[in-house]
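Architecture at a glance
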Amino acid sequence: VSSCHSSPGLELESRQGSIALFGHPNVGKSVLFQRLTGRYVMVSNYPGTTVELSRGAARFMADTAVVDTPGIVALPPRTEDEQIALRMLLDEPVRAIVQVGDGKNLRRSLLLSVQLAEMGLPMVLALNMMDEAEARGVSIDDRLLAERLDFPVVPTVATRGTGVKSLVGEVKSARVPRFRLIYPEVIEEGLAELASLLPESALDPRALTLLWLSGDETTEAWVVERVDEETLRGLASGRERTASEFREPISAVIQRVHLAYVDALVADVVRETGDKSAGIAAKLGRLTTHRLWAWPILAAILYGTYWFVGVFGAGRLVGWIEGSLFGKIVNPWVTEWVHRLVPIGFVSDFLVGKYGLWTMGMTYALALVLPIVTTFFLVFSLLEDSGYLPRLSVVTNRLFSALGLNGKAALPMVLGLGCVTMATLTTRILESKRERLLAILMLSLAVPCSAQLGVVLGMLGGISLVATLIWGGVVLGVLLSVGALAARLIPGERTALVLELPPLRLPVISNVVVKTTARLEWYLKEVVPLFLAGTALLFALDKTGALPALIDAMKPVVSGWLGLPAAASTAFIVGFLRRDFGATGLFVMQQHGQLTPQQAVVAMVTITLFIPCVASVFMIARERGVRTAVAITALIFPLAFLVGGALHWTLLAIGWGA
Amino acid sequence: MTLADVPPGSRARIDTLDGLSASRCHQLQAYGLAPGRWVKVVQQSPVTVIRVEHLDLAFESDIARGINVEAEADRDRPVRRRPRWV
């Protein structure tokens with residue numbers, strides 16, 4: 001989920017450039033970033049937690065920024081988040097690259113090292129997770145490794161801070177490694193010929209030319225911005241000439257050179273004393289993706305979440321806080337004092353009236369939604385840190401195939417259960433534009449975010465399990481049918497699943513607590529203002545007399561088509577701002593006995609299908625363009641009312657919950 | 001034979017990745033599925049999961065079918081009985 005708020009505008013730049021953390025996904029770059037800057041960024045046990053650059057001031061070096069980048073599997077990059085990492089190297093002055101490598105997977109780590117070492121930038125390799133490497137019987141001769149590569153290699157355990165001090169020392173004195181691989185002659189000729197045509201960059205011309213020869217899109221876009229057409233033609237024909245000498249792509253030829261070098265190097269520096277790791281975690285990890293056992297495990301996790309968030313959080317906690325604390329003590333007290341201190345009716349109404357900032361906005365945000373999202377974020381952080389989430393991709397791959405996607409899309413979808421806005425950003429980990437578009441559509445239409453989900457569970461759980469199942473069934477049905485339809489309509493092919501599964505780990509309680517706290521802070525900063533804005537809007541509409549008129553105007557839809565009391569219109573009005581705010585209004589109506597079970601289900605289905613919030617629309621516009629954002633919005637709202645009405649008439653026909 | 005034919009629990013040596021697109025091949029090799037390397041098959045259903053070095057990698061059977069392998073000779077493999085349900 002990470003947080004929806006943008007990072008504080010740290011425009012740290014210096015002439016010497018920043019320190020860039022690079023490496024594969026899920027190797028601990030963000031943990032190391034925290035160690036080096038003291039700034040908190042989200043850390044989880046799955047690849048794709050970081051999809052943007054994060055910046056922080058280095059603790060150990062004046063005027064120097066440390067930049068955390070999204071994980072990169074290989075150069076040239078395949079996905080948008082990987083492209084961001086490479087683009088950073090092309091665009092920004094970099095003082096040193098710190099590659100974060102996985103000690104237990106040295107071959108894979110070194111394959112990226114040799115590519116980075118050729119960039120012509122000062123470099124240090126932090127061999128991270130050395131504790132896991134040791135536990136698996138992997139021992140590495142880091143001195144010999146450093147000697148052969150000509151840059152420092154520092155074993156680290158970032159989560160414990162081991163090795164960070166010596167890493168800092170090496171970074172301070174880092175220099176450009178004298179490291180160069182020899183490629184087949186035709187490629188060397190191409191390199192010599194084209195290097196002078198390419199514009200000057202912070203990278204070694206040879207490295208830039210290698211990227212160009214590999215046909216990398218990011219480099220291509222960067223070059224196109226900087227050279228005239230004639231040079232571009234020369235570059236393109238030079239590349240074609242080189243490519244015509246091989247039967248396979250140039251990138252494959254280059255990679256083979258890297259593979260051969262790394263194989264020889266690893267044979268010299270690694271000793272495997274046998275895998276001692278087949279512990280409980282490894283066995284449990286296998287069961288979570290097993291074709292049979294995966295299902296009861298998933299069901300148990302879902303039920304546990306339902307119980308903790310729906311029954312305990314939305315039921316009991318909200319009961320105490322909203323019912324007893326706010327309802328009987330805080331709100332009567334605040335109301336009394338406001339009336340005593342501010343005897344002007346208009347002002348006191350604005351604060352503690354029917355649409356009062358305190359009695360509606362703050363009470364909804366603090367007493368109703370906050371306890372629910374707290375329980376949800378706790379469960380969610382536990383799941384994230386355990387490494388279970390990517391395993392869902394394996395289990396759900398077939399389901400997502402029907403939607404034109406692959407199991408990798410499960411990750412943004414599940415993250416959407418935390419915050420849809422942030423999950424929209426995470427769609428960058430998907431491989432094609434088509435997949436990202438499909439995933440964003442699904443997210444906006446039918447994935448309830450934590451606040452929404454909590455309110456739904458609290459409200460429908462209070463009625464019956466059947467009510468919850470009807471809601472879930474309809475929302476899932478819409479997700480599947482719209483998804484399947486969109487997959488047919490949007491041109492392009494589905495890509496197959498390839499995903500690394502992180503080891504299952506026991507979540508570290510301190511990280512879970514810190515992460516949950518960070519998310520709650522985000523919630524308070526991001527959601528409370530919108531709740532207050534929505535309340536102020538209702539207050540203004542009410543005082544100007546526009547609200548009754550609006551309610552009247554919406555009556556044919558809300559009462560006629562959906563079969564709800566006219567007062568439910570106010571919930572839908574604020575639902576345009578944030579649907580969970582609308583849902584909370586409906587929750588309160590139900591608590592006051594204003595909704596039958598049938599009406600509650602219909603209202604909840606309708607508002608769940610709404611666009612999540614204004615922020616998510618802006619995020620879609622930012623990621624996929626304004627036209628896409630408008631199109632998705634224009635599709636979703638009518639569809640929400642259409643489905644809600646259809647459900648109302650169906651339930652009426654079968655006589656459920658009237 | 002292809003990687004899809006290797007029973008769970010067995011090891012196999014990657015021969016070629018001929019059946020895959022160039023970019024897919026590039027990605028898998030970056031993970032370590034390169035010709036000559038040994039991998040261990042963890043499961044084949046619902047998707048193929050293999051272990052290469054100390055990394056578990058999941059991919060669809062279609063991809064497994066595009067990877068030609070040489071299976072570990074039977075006599076080299078220690079006989080090990082596993083409970084059926086694991």
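First things first, this report covers the structure right here in the doc. Because the structure is a prediction, the values reported are computed rather than measured.

A separate point is the overall build of chain A. Scanning chain A from N- to C-terminus turns up 28 helices and nine strands. Rg of the C-alpha trace for chain A: 28 Å, near the compact-globule value of 26 Å for 658 residues, within the 12% margin. Referenced to the eigenvectors of the C-alpha coordinate spread, the extents of chain A come out at roughly 80 × 55 × 50 Å. Considering chain A as a whole, with its 658 residues, one finds that 59% of them fall into the buried category. Across chain A, the fraction of contacts at a sequence separation of at least 24, relative to all contacts at a separation of at least 6, is 76%. Of the accessible surface of chain A, which amounts to about 26,200 Å², a share of 62% is contributed by carbon and sulfur atoms. One way to put it: in chain A the 57 positive side-chain charges average out to a point 7 Å from where the 55 negative ones average out.

Residues and elements named next belong to chain A. One open sheet holds the six strands; their spatial order is S2-S3-S1-S4-S5-S7, and the pairing between them is mixed. Edge positions in the open sheet fall to strand S2 (54-57) and strand S7 (153-155), since each of these has one partner strand only. Sheet twist, expressed as the mean angle between neighbouring strand axes with direction ignored, is 25 degrees. Judged from the three bridges that link them, strand S5 (residues 123-128) and S7 form a sheet pairing that is parallel.

Take the sheet that holds strand S4 (residues 55-59) of chain B next. Either a parallel or an antiparallel arrangement is found when strands of a sheet pair, and the pairing is made through backbone hydrogen bonds. Strand order in the open sheet formed by six strands is S9(A)-S4(B)-S3(B)-S2(B)-S1(B)-S5(B), with antiparallel pairing between adjacent strands. Lying at the two open borders of the sheet, with one neighbouring strand each, are strand S9 (498-501) of chain A together with strand S5 (68-71) of chain B. The average undirected angle you get between the axes of adjacent strands in this sheet is 40 degrees. The pairing of strand S2 (residues 38-43) of chain B with strand S3 (residues 48-52) of chain B spans three bridges and is antiparallel. Looking across to S3(B), one finds that Gln43(B) is bridged to Val49(B). Each of S9 of chain A together with S2 and S4 of chain B is contacted by helix H16 (residues 389-402) of chain A, which is oriented at about 140 degrees to S9(A), the strand it contacts most.

Scoring rules and cut-offs
Residues numbered from 1 in each chain as written. Chains lettered and ligands numbered in written order. Predicted model: local features only at pLDDT ≥ 70, side-chain atom pairs only at ≥ 80, totals over all residues. Heavy atoms only, no water. Helix = DSSP H or I, 4+ residues; strand = E, 2+ residues; numbered from the N terminus. Rg over C-alpha atoms; globule rule 2.2 N^0.38 Å. Buried < 20%, exposed > 50% of the residue type's maximum accessible area, 1.4 Å probe, protein only. Contact = heavy atoms within 4.5 Å. Areas by Shrake-Rupley, 256 points an atom, 1.4 Å probe, with all protein chains shown as cover. Lys, Arg positive; Asp, Glu negative; His and termini not counted. Charge placed at Lys NZ, Arg CZ, Asp CG, Glu CD. Pairing = 2+ DSSP bridges. Axes fitted to C-alpha atoms, helices over the stretch in contact; angles between N-to-C directions.

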